[in-house]
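Summary of the model geometry
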Amino acid sequence: MPMLTKEFLKSLGINLVDEDYIHLSEHFESTLHDRVINEIVLELSPAQAHELAAMQQAPDSELQRWLQQNVSGLADIVSDEVDILLGEIAEGSQAIGS
Amino acid sequence: MAEQYQETADRSQDDEPALVHPQDQETAPGLQEAQDRLQDVELLGNSYKVRQMVGNLGNKRTRTWESIAAKTKNGFDLPGKKVLEFRHSRAERKHDEAKEAHQSLIDEHEGAKRDLMESDMSDRLKQRRLNRLEKKQQKQVKKSQAYLSKWENKRSIHKTRLEKHTATMQARRESVSNHYEQRRAEMTKKLLERKVMAEGRKTLRAQLRAEGASSRPWNNEVRSIVGEIPDHQRKRVGEIAIRAQLSNDASLRARFSAESALRSAEQAKISLEKNMADAMMHGSQAAAADKVARDIEQHALPSAQDRLVSLQKQYDSLDENDPSRIIVMADIRNAEAEIHDLTRKTHLERTKAENHRKQNLELLGQEHGLLHEIVSRQVQAEQQTAAHNQHRGQSDQLSAQQREEVQHVLNSDERK
C-alpha cells in the first residue's frame, strides 16, 4: 500500500494518470527517507555515527532497536518530516494537479 | 507533474547539506533495478500512519454520495421541468402567433385605409367610410390586443416557473461542487498548518543544536562518517526509522486498546460484584418478607380467626337483652379488623417478596450480560495484542526478505 493514495491526492484536487502517480509516490517516499536520515544524522555523535556505519549488514530489527535507543526525538523527527512533506504537496497541489 | 514536485522537494532538501556518496551517483543498472523493485514492494507492502490518516478522509466518498443525492433529487424534479418546459414553449408559440396575427391585422387595416383613401369617392363619403372602418378596426384591434396580452402573461408566468425550477436543480449541482471545493480548501489548510508547526519544531531543534554547538564540535565529522555510507543504506536507515516510529505508534495504539478493553472488563467486574451484592440483598429481603407472611398465615391469622369464632359463639350464646352483647360485638368487630389487617399485611409481604425476587432475577440476568462482556473484553484485549504482534512479526519478516533480495543483487553487482 503506498503512503500516498490516489484518494488523498484527489482530495487535494490532484488528479494524476497512473504513471505520474507512481512516480510521485515513489519520489515522496524516497524524499522522506532522505530527509529523515539527514535529520537523524544531526542528532548523532561521532561514535554513534561509526556504530551506524558499521551496522550496514545488521538486520532491520537490530537497526530499528539501535535507532530507537540512540536517536533522541526519533518520533518527532519522523512525524515532522511527514507533516512537512505532505504540506509541500498541499502547497504545490495546483501546480502538480494541473 | 511529478517533476514539478521533484523541484519542490529538492528545494527543501537544499536546506540541509547533502549526504550523497560519490560512488552512488553512478548507479549500476542492477542496483537501480533492485532498488526499484524494493521500492515497488515497499509501496505495496508497507503500512504507514499517513495511509491510515488518508484512509479516514473519505472526501471522495462524501462527494460521490452528495452527487448521487443531488442527481436523485434532480431526477425526481425532471418530469416537472419537462411539463414546465412544454407549457412555456406552448405559451411562447401562442404568444408569437398572437403577435403575428395582431401585426397582420394592423397591416390589413392600414391597407384597407390606404385603399379607401386612394378610391375615387368624394371626400365626405371617404371620411364617413373611414370613420366606420376605424371604429370597426378598433374593435378588432382591441380584441386582438387582449388575446396577445393573455398569452404574454401566460408566457411570463411559465417562464418564471421554469426558471425557478431550473435554478433549484442547478443549485443542487453547484452545491456538490462547492462542498467539494470547500473540503479541498479545508484539507489544504489543515496540511499547511501542520507543515508550519512541524517546520517550527524542526527549526527549534536546529536552534537548540546550534546553541549547544560548542559542546558538539563533531557535526562535520559525523557528516563525513555518515557520508561514507552508501546511499541505499542511508535510505534504508530512513525507512527503518519511519517504520520504527509507525511500529511504536501501532504498539501504543494496541496497548491503549488493550488497556481500554481491560478497563472495561474491570468496570464490568465491579458492576458484577455490585450486582451480586444487590442480588443477595434482594434474595434475603424476599426470604424475610416470605417469613413474615408465613408467620402471619401460620400463627397470627389462625389465632385471630379462632378468637373471632370464639367471640361469635359467645355472642350467639348471650341473650338479646344482655348488655354484654354490645361489648362482645365490639370485640368481634376488632377481631374482624385484625384479621383484615393481617390478611392485608400477608398480601403486602408476599408482594414485597415477589418484587425482591423479580429484582433478583433481573440482576441475575444482568450478571449474565456482564459476565459475557467481561469475557469478550478480555478476549478482545488478547486478540488486539496478539494481532499486533503477529502483524509486527510479519512486517519484520517481509522486510528481512526484501533486504535479503536487495543484498543479493548488490553482492552480485559488487562481484561483477
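Structure first, text after, so check above.
What you see is a predicted model, and the numbers here were worked out from it, not measured in a lab.

The contact between helix α2 (residues 18-41) of chain A and helix α8 (residues 231-317) of chain B brings their axes to 8 Å, and the two run at 90 degrees. Judged by the angle between their axes, α2 of chain A and α8 of chain B are roughly perpendicular. Here α2 of chain A contributes S30, L32, H33, D34, V36, I37 and I40 of chain A to the contact with α8 of chain B, which in turn contributes D231, R234, K235, V237, G238, E239, A241 and I242 of chain B. Classifying every residue of the contact of α2 of chain A with α8 of chain B by side-chain character gives seven nonpolar, three polar and five charged.

For the coordinates displayed, the defined rule picks out 27 salt bridges over all chains. Here R35 of chain A ties to E88 of chain A by a salt bridge, and the two come within 2.9 Å at their closest N and O atoms. Note that R35 of chain A is positioned in helix α2 and E88 of chain A in helix α5 (residues 74-91), a separation of 53 residues in sequence. Residue classification places R35 of chain A among the buried positions, given a relative accessible area of 6%. Among the ionic pairs, E336 of chain B bridges to R333 of chain B, the shortest N-O distance being 3.2 Å. Taken as a pair, E336 of chain B and R333 of chain B lie in helix α9 (residues 324-415) at a separation of three residues, close to a single helical turn. For E336 of chain B, a relative accessible area of 33% translates into the label partly exposed. A network of salt bridges, in which partner residues are shared, links E39, D80 and D83 of chain A together with R194, R201 and R205 of chain B.

Now for α2 of chain A. For α2 of chain A, which comprises 24 residues, the first-to-last C-alpha distance of 35 Å matches the rise-based estimate of 34 Å (1.5 Å per residue) to within 8%. Extensive coverage of α2 of chain A is indicated by the burial of 20 of its 24 residues.

Criteria and cut-off values
- Residues numbered from 1 in each chain as written.
- Chains lettered and ligands numbered in written order.
- Predicted model: local features only at pLDDT ≥ 70, side-chain atom pairs only at ≥ 80, totals over all residues.
- Heavy atoms only, no water.
- Axes fitted to C-alpha atoms, helices over the stretch in contact; angles between N-to-C directions.
- Helix = DSSP H or I, 4+ residues; strand = E, 2+ residues; numbered from the N terminus.
- Parallel < 35°, antiparallel > 145°, perpendicular 65-115°, else oblique.
- Contact = heavy atoms within 4.5 Å.
- Nonpolar A, V, L, I, M, F, W, Y, C, P; charged D, E, K, R; others polar.
- Salt bridge = Lys/Arg side-chain N within 4 Å of Asp/Glu carboxyl O.
- Buried < 20%, exposed > 50% of the residue type's maximum accessible area, 1.4 Å probe, protein only.
- Expected span 1.5 Å × (residues − 1).

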